[in-house]
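Descriptive analysis of the structure
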Amino acid sequence: AEPHGGEEEQEEPQLGLGPAGTARPAGGEEAAGGGAAARTAASWRGSARRSLKMAAAEPGAAPGGGGSVPVLFCFSVFARPSSVPHGAGYELLIQKFLSLYGDQIDMHRKFVVQLFAEEWSQYIDLPKGFLVNERCKVRLVPLQIQITTLGNLTPSSTVFFCCDMQERFRPAIKYFGDIISVGQRLLQGARLLGIPVIVTEQYPKGLGSTVQEIDLTGAKLVLPKTKFSMVLPEVEAALAEIPGVRSIVLFGVETHVCIQQTALELIGRGLEVHIVADATSSRSMMDRMFALERLARTGIIVTTSEAILLQLVADKEHPKFKEIQNLIKASAPESGLLSK
């Protein structure tokens, strides 16, 4: 395999799929080999498939003749032999990686494609204008970006998630009355501070709507679901409409199911997650406590409603401080979190 059209090399653009599902070559507006602007993941796949079909249908158009070239595609600990049309470039390599490893690739991370260079006996970033002309080995490398989670909250970068606080759960969930009370307090605070609220209801046809005590006035989205996680396409689209979202404050039921799965999906998308311990519960206290412990170990912040609200105002001189103070004058119930 050799660069097409000269010896010059440059750093290969990194394929990054952000929260809105757009493909972004990092550090610029153009992707290698085609000068294409950033596109959606579906667009990446579609254009690569079209290129693949054209290359297969018109082998004479590919540099150096037609036919296919064997390529070893490596990702993580895996190595899978395949082939691409002679003269295939960056987009077709990306498409092949997606077809071989799609279920294992985190589409919200950034990656760089590297080529094994015999000259150096190691992988190098894919050279500028690279085209596959002979047998070669390539790998897809996720970029390791160290993110320090500080837990800072500001109203402008925060969204509240209220998960499945529904009527049919009332008799089954431990301390359900307490977490309703705390959840309502959080939603009042969100309205005072202008924080967007996203609400889901798990199979409302069978489990009923959100309890009447929870006032959903002003919620950005109230969405039925069957998936346990709140991270649905509609939710991702709603988040994409809110500029600068960094932190999610999450509460509701059940801690070890919908809350846990939502939190894990959100941190996988690079968002910081704060779970409100006194506003989330399960049918079993053992499930609840072990879920909170597990989530804390993954870097999710387990905190309390009062800590959240006071962190969001941050200063006694905040124009909404008095109103927030009135919300928390009566301490939130312990919701069974502390042994007597």
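Residues numbered from 1 in each chain as written. Predicted model: local features only at pLDDT ≥ 70, side-chain atom pairs only at ≥ 80, totals over all residues. Heavy atoms only, no water.

An unreviewed UniProt entry lists the chain under the name Isochorismatase domain-containing protein 1, with Lamprotornis superbus given as the organism. According to the UniProt record, the Sequence similarities (unreviewed entry) comment for the chain reads "Belongs to the isochorismatase family." (UniProt positions renumbered as here; feature names shortened; annotations may be inferred.)

**Considerations on the pairing of strand E10 (residues 136-142)**
Inspection of the sheet shows strand E5 (residues 68-75) paired to E10 by 5 bridges, in the parallel sense. The partner of cysteine 74 across the bridge, within E10, is arginine 139. The pairing of strand E7 (residues 110-117) with E10 spans 5 bridges and is antiparallel. The residue bridging glutamine 114 from the neighbouring strand is arginine 139, located in E10. (Pairing = 2+ DSSP bridges. Helix = DSSP H or I, 4+ residues; strand = E, 2+ residues; numbered from the N terminus.)

**A look at the side chain of glutamine 202**
With respect to the element layout, glutamine 202 can be found in strand E12 (residues 197-202). The buried category is assigned to glutamine 202, whose relative accessible area is 9%. Within the structure, the side chain of glutamine 202 is placed 2.8 Å from the backbone oxygen of threonine 226, a separation counted as a polar contact. Setting aside residues no more than four positions away along its own chain, glutamine 202 makes contact with Asp164, Gln166, Leu207, Lys225, Thr226, Lys227, Phe228 and Cys258. (Buried < 20%, exposed > 50% of the residue type's maximum accessible area, 1.4 Å probe, protein only. Polar contact = N/O pair within 3.5 Å; in protein donor to acceptor, adjacent residues only side chain to side chain. Contact = heavy atoms within 4.5 Å.)

**Overview of the pairing of E7**
Judged by how many residues are buried, E7 sits mostly within the fold: 6 of 8 residues are covered. Pairing analysis gives 4 bridges linking E7 to strand E8 (residues 122-125), with the strands arranged antiparallel. The residue of E8 that forms the bridge with phenylalanine 116 is tyrosine 123. Hairpin connection between E7 and E8: a loop of 4 residues separates the two successive antiparallel strands, and serine 121 in this loop has a positive phi of roughly 55 degrees.

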